[in-house]
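# Fold and geometry: a report
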Amino acid sequence: MPMSIDFQSRLFPHLSKIVDHYGTPFHIYDVRGLLENGTDLTRKFMGQFQFKEFFAVKANPNPEVLKLMRGMGFGFDCSSIPELVLATLVGAKPGDVMFTSNNTSTAEFQAALDIGCIFNLDDITMIENVPEPFPRLICFRYNPGERRSGTSFIGVPVEAKYGVRHDQLINAYRMAMARGANRFGLHTMIASNTLDCSYMIETVRMLLEVVEEVSAELGIKFKFINMGGGIGIPYHPNDAPFDLFQLAHEARYLLHRFKERNGYVPALYMESGRAMTGPFGILVTRVLNRMSKHREYVGVDACMSSLMRPGMYRNSQIAEGAGYHHITVLNRYGHPKSGPTEVVDIVGSLCENCDKFAVRRELPMAEVDDLVVIHDTGAHGHAMGFIYNGRLRPAELMLCEDGSVRLIRRAETIEDYLRTVADLEPNVMQL
């Protein structure tokens, strides 16, 4: 969703000063927008059942962003040791972290055990790999296979490497019980970036039906169901936003009916990342030059090291058009440009032809030193950056509620690039 008018009004008048102070490129996040969005999520799901959001750390692993999520009472969805460390650094307590990993090492399981995470096991073979003491609370990630169609972005469940098959699920819980588990959850993640509210409603319905099936066989109750993430944001200006109110309303009804049938109700968890932070960040980059080849090109000082999504997803067979990010062109003083338009590619400096933020996009005519604002980079933006070609990751800034701007991650330097190879202690293995 293109950045809000409120965000623009608080940022654009000061953008040239920010650029002069910090340089370009950089991501900048809107604290007010992040807090209002998180509060709105909690408000919509308040009601006759317990609800908790476990923010997907992979979406935006900056500690300052995570502190905001934690301050709103959110837990964290983690899948690696560094993500676990980040969660604990910002104050996550035992039970505040869902650990959902794939092809997990013993060291990762041990780290999650030490922290007191909720174990969400991705495969039946993982049960025997979890160290002692085996967690009393165990959750399994469910893959419904042909029972669900999947979404275009993430692909169909039968092709996914994630989750326990339906025919394995009862045995998985039975095996966990044999190791000492006595509290249980059920999780799934079969959508990504969907704007279809009905799909997520059916996911809640599916989870509750599976819970009843497992309970009838094993005589156990479930502490929670977790619908996962996957709620999308409208990257295109004309996209209708996800109807979060309708999802909350229908989920409340489904949980109420479950309680009527079973005498209790599990908590409802979700682990949204993109929907929490995506629209509240932008990438600001500067026009370096114009090029006229077989197309017209506008070259900027950011590249895929700053934002991978457009190049990664543009030609994806399962996610056509998923790499779109809205773009605003401003002059060097931070005023949105109007007047004549042109059809151009906005490109970076990486030695890859997919290093394009926009392809054949009609935009106001851009000149050298103009600013290009790329919207919706608050999730899977900086987090997906990389350093191929020696193009280093940019700074992250935060627009605070008092109107100040704070550096929350500095841009990488050549010293950072060389850090893992410089000053190595002798480490030679004779064969």
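Residues numbered from 1 in each chain as written. Predicted model: local features only at pLDDT ≥ 70, side-chain atom pairs only at ≥ 80, totals over all residues. Heavy atoms only, no water.

Turning next to the overall build of the chain. The helix and strand tally for the chain stands at twelve helices and 17 strands. Along the first, second and third principal axes, the C-alpha atoms of the chain reach 70 × 65 × 45 Å. Within the chain, contacts between residues at least 6 apart in sequence are counted, and of these 68% link residues at least 24 apart. As displayed, the chain offers around 19,600 Å² of accessible surface, 51% of which is attributable to carbon and sulfur atoms. Charge separation in the chain, taken as the distance between the mean sites of 44 positive and 50 negative side-chain charges, equals 3 Å. (Helix = DSSP H or I, 4+ residues; strand = E, 2+ residues; numbered from the N terminus. Contact = heavy atoms within 4.5 Å. Areas by Shrake-Rupley, 256 points an atom, 1.4 Å probe, with all protein chains shown as cover. Lys, Arg positive; Asp, Glu negative; His and termini not counted. Charge placed at Lys NZ, Arg CZ, Asp CG, Glu CD.)

On to the pattern of salt bridges, then. Scanning the model with the defined rule gives 26 salt bridges in all. For the salt bridge of Arg70 with Asp96, the shortest nitrogen-to-oxygen distance reads 2.9 Å. Of this pair, Arg70 sits in helix H4 (residues 63–71) while Asp96 sits in the loop between helix H5 (81–89) and strand S4 (97–100), placing them 26 residues apart in sequence. Residue classification places Asp96 among the buried residues on the basis of a relative accessible area of 8%. Note that Asp369 and Arg286 form a salt bridge whose closest N and O atoms lie 2.6 Å from each other. Of this pair, Asp369 sits in the loop between strand S14 (356–364) and strand S15 (371–374) while Arg286 sits in strand S10 (residues 281–292); the two residues are 83 residues apart in sequence, bridging distant segments of the chain. (Salt bridge = Lys/Arg side-chain N within 4 Å of Asp/Glu carboxyl O. Buried < 20%, exposed > 50% of the residue type's maximum accessible area, 1.4 Å probe, protein only.)

It is a probe the size of a water molecule, rolled over the atoms, that shows where empty space is left. Under the defined criterion, the tally for this structure stands at one cavity of 30 Å³ or more. As for the largest cavity, its lining consists of Tyr29, Ala59, Asn60, Pro61, Thr377, Gly378, Ala379, His380, Gly381, His382, Ala383 and Glu396. Classifying every residue of the lining of the largest cavity gives five nonpolar, six polar and one charged. Counting only domains with at least three residues in the lining of the largest cavity, you end up with domain 1 (31–277) and domain 2 (279–414). (1 Å grid on protein atoms, 1.4 Å probe; cavity = no way out; pocket = protein on both sides within 12 Å on 5 of 7 lines; lining within 4 Å. Points joined across faces, edges and corners; volume = space filled by probe spheres on them. Nonpolar A, V, L, I, M, F, W, Y, C, P; charged D, E, K, R; others polar. Domains from an automatic or database assignment.)

This part is about the domain arrangement of the chain. Domain assignment breaks the chain into domain 1 (31–277) and domain 2 (279–414). Taken over C-alpha atoms, the centre of domain 1 sits 32 Å from the centre of domain 2. Listed as interface residues are 29 residues of domain 1 and, on the opposing side, 25 residues of domain 2. Between domain 1 and domain 2, the buried area comes to about 2,200 Å², and carbon and sulfur atoms account for 60% of it. Inspection of the domain 1/domain 2 interface yields one salt bridge. (Buried area = accessible area lost by both parts, 1.4 Å probe.)

Attention now moves to helix H3 (residues 31–45). When the terminal C-alpha atoms of H3 are compared, their 22 Å separation across 15 residues agrees well with the 21 Å that a helix rising 1.5 Å per residue should span. Along H3, the residues classified as buried are Val31, Gly33, Leu34, Asn37, Gly38, Leu41 and Phe45. Where H3 begins, the side chain of Asp30 points an oxygen toward the backbone nitrogen of Arg32, at a separation of 3.4 Å. (Expected span 1.5 Å × (residues − 1). Polar contact = N/O pair within 3.5 Å; in protein donor to acceptor, adjacent residues only side chain to side chain.)

As a packed pair, H3 and helix H9 (residues 244–262) sit with axes 9 Å apart at the nearest point and diverge in direction by 30°. As the angle between them shows, H3 and H9 are arranged roughly parallel. The hand of the H3/H9 crossing is right-handed. Across the interface between the two elements, Leu41, Lys44 and Phe45 from H3 touch Leu244, Phe245, Leu247, Ala248 and Arg252 from H9. Looking at the contact of H3 with H9, its residues break down into six nonpolar, no polar and two charged. (Axes fitted to C-alpha atoms, helices over the stretch in contact; angles between N-to-C directions. Parallel < 35°, antiparallel > 145°, perpendicular 65-115°, else oblique. Left-handed = near helix turned anticlockwise from the far one by under 90°.)

We now examine the nonpolar core. Counting 84 residues, the largest nonpolar core has Phe45, Met69, Phe76, Phe140, Tyr173 and Leu247 as the members making the most contacts within it. Among the elements that take part in this core, helix H8 (residues 197–218) stands out by supplying twelve residues, more than any other. Ignoring anything within four residues of it in the chain, the contact list for Phe140 reads Asn120, Leu121, Ile127, Val164, Leu169, Ala172, Tyr173, Ala176, Gly185, Leu186 and His187. By size, the runner-up hydrophobic cluster in this structure holds 17 residues, among which are Leu11, Phe12, Phe26 and Val373. (Core = buried A, V, L, I, M, F, W, Y, C linked by side-chain atoms within 4.5 Å.)

Axis separation between H8 and H9 bottoms out at 9 Å; the angle between their running directions is 15°. With respect to their mutual orientation, H8 and H9 come out roughly parallel. In this structure, H8 meets H9 at a crossing whose hand is right-handed. Touching Cys197, Met200, Ile201, Val204, Arg205, Leu208, Val211 and Glu212 of H8 are Gln246, Leu247, Glu250, Ala251, Leu254, Leu255, Phe258, Arg261 and Asn262, all from H9. Residue composition of the contact of H8 with H9, grouped by class: eleven nonpolar, two polar and four charged.

In the numbering used here, UniProt assigns the feature "modified residue: N6-(pyridoxal phosphate)lysine" (unreviewed entry) to Lys58. Assignment of secondary structure puts Lys58 in the loop between strand S2 (51–56) and H4. A residue is classified by how much of its surface remains accessible, and Lys58, at 47% relative accessible area, is partly exposed. If sequence neighbours within four positions are ignored, Lys58 has contacts with Glu83, His380 and Ala383. (UniProt positions renumbered as here; feature names shortened; annotations may be inferred.)

What follows covers the packing of aromatic side chains. The tally for this structure, following the rule as stated, stands at ten aromatic pairs. Taking the centre distance of 5.8 Å and the plane angle of 75° together, the rings of Tyr173 and Phe184 count as edge-to-face. Of this pair, Tyr173 sits in helix H7 (residues 166–178) while Phe184 sits in strand S7 (residues 183–188), placing them eleven residues apart in sequence. Phe184 matches Tyr173 in its accessibility class, with the two residues each being buried. Centroid distance Phe224 to Tyr269: 4.5 Å. Interplanar angle 25°. Geometry classified as stacked. Residue Phe224 is found in strand S8 (residues 224–226), and its partner Tyr269 is found in strand S9 (residues 267–270); the two are separated by 45 residues along the sequence. Members of the aromatic cluster, connected to one another through ring pairs, are Phe140, Tyr173, Phe184 and Phe222. (Phe/Tyr/Trp six-rings, centres within 6.5 Å; stacked < 30°, edge-to-face > 60°.)

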